[in-house]
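Structural characterization, general
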Amino acid sequence: MSRILSIFALCFSLIAAACTTATEVDSSNSGVYRIRNADKVQFRMLDSVNALREAAGQPPVQLNAQLNAAAATHSRDMSVQNRPWHFGSDGSSPLDRVARTGFAGVLVGEAISETYESEVQTLTAWMEDPTTRSVVLDSTAANMGFFWFQEPNGKLWWTLVMGT
């Protein structure tokens, strides 16, 4: 088990070192983390997830526009509700949100976070929790949706959705 964790840590460190930073600190708001290069954040997350999946012996996933839409909608909605949870302000579940996008596959799971940290730090936290780690590494997953919403104060709401 420690060997697997070491492999995860090594892969994650290599990915983090190889990637250009996705964020910057806003000097006007001492220490507030801001997304930059937003068009690349999803691809960096996809590469990081696939490196972790490869290290765990799982097949890679691909970004899916419908799952991205479900993730984006939920990230914004969590901000409106001001709480990280899996239900929408309209009572919708992750299954409902994925169905609304027209996704033809099956929902595997959803990981969410409320933080001031980067996507890499968020993925690290998800990998440390057995429940969210199982979503990221689920062997049946073939598609991934990932999005965030950043409030003016810097708070980030992250959503990752995995599907078949």
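Residues numbered from 1 in each chain as written. Predicted model: local features only at pLDDT ≥ 70, side-chain atom pairs only at ≥ 80, totals over all residues. Heavy atoms only, no water.

Observations concerning the overall build of the protein chain
Scanning the protein chain from N- to C-terminus turns up 6 helices and 6 strands. Taken from N to C terminus, the helices and strands of the protein chain fall in the order α-β-β-α-β-α-α-β-α-α-β-β. For the protein chain, the residues scored as buried account for 46% of the 164 residues in total. The long-range fraction of contacts in the protein chain, counting pairs at least 24 apart against all pairs at least 6 apart in sequence, stands at 66%. Accessible surface, the protein chain as shown: approximately 8100 Å² in total, 56% of it carbon and sulfur. (Helix = DSSP H or I, 4+ residues; strand = E, 2+ residues; numbered from the N terminus. Buried < 20%, exposed > 50% of the residue type's maximum accessible area, 1.4 Å probe, protein only. Contact = heavy atoms within 4.5 Å. Areas by Shrake-Rupley, 256 points an atom, 1.4 Å probe, with all protein chains shown as cover.)

Notes on unusual backbone geometry
Its identity as a non-glycine residue notwithstanding, N37 has a phi of 50°, on the positive side. When you line up the elements, N37 lands in the loop between β2 (32-35) and α2 (38-55).

Here we look at α2
The first and last C-alpha atoms of α2 sit 27 Å apart over 18 residues, in line with the 26 Å expected at 1.5 Å per residue. Just beyond α2, the residue with positive phi is G57, at close to 75°. (Expected span 1.5 Å × (residues − 1).)

A closer look at the pairing of strand β5 (residues 143-150)
By the criterion of burial, β5 is predominantly enclosed, with 7 of the 8 residues buried. Strand direction decides the pairing type here: strand β3 (residues 62-63) and β5, joined by 2 bridges, are parallel. Note on β5: the bridge partner recorded for L63 is M144. Bridge count for β5 against strand β6 (residues 156-163) is 8 bridges, and the pairing is antiparallel. Within β6, the position partnered with M144 by the bridge is M162. Counting the residues between successive antiparallel strands, the hairpin from β5 to β6 contains 5 residues, one of them, G154, with a positive phi of roughly 100°. (Pairing = 2+ DSSP bridges.)

Examining the sheet that holds strand β4 (residues 107-115)
The strand order across the open sheet built from 4 strands is β3-β5-β6-β4, with neighbouring strands paired in mixed fashion. Of all the strands in the sheet, the pair left with one neighbour each is β3 and β4. Relative to β5, α2 is tilted by about 135°, and along the sheet it contacts β3, β5 and β6. Together, β3, β4, β5 and β6 form the strand contacts of helix α3 (residues 65-81), whose direction differs from that of β5 by roughly 30°. (Axes fitted to C-alpha atoms, helices over the stretch in contact; angles between N-to-C directions.)

Some thoughts on the side chain of N68
With respect to the helices, strands and loops of the structure, N68 is situated in helix α3. Separated by 2.9 Å, the side chain of N68 and the backbone nitrogen of F146 make a polar contact. Other than its neighbours up to four places away in sequence, N68 contacts Q42, L63, M144, G145, F146 and F147. (Polar contact = N/O pair within 3.5 Å; in protein donor to acceptor, adjacent residues only side chain to side chain.)

Overview of the confidence of the model for the protein chain
On average, residues of the protein chain carry a pLDDT of 84, and 81% of them reach 70 or more. Ranking the elements of the protein chain by mean pLDDT puts helix α1 (residues 2-18) last, at 42, and β3 first, at 98. Scored below 50 in pLDDT, residues 1-28 makes 42 contacts in the model with residues more than four places away or belonging to other chains. (pLDDT = per-residue confidence, 0-100.)

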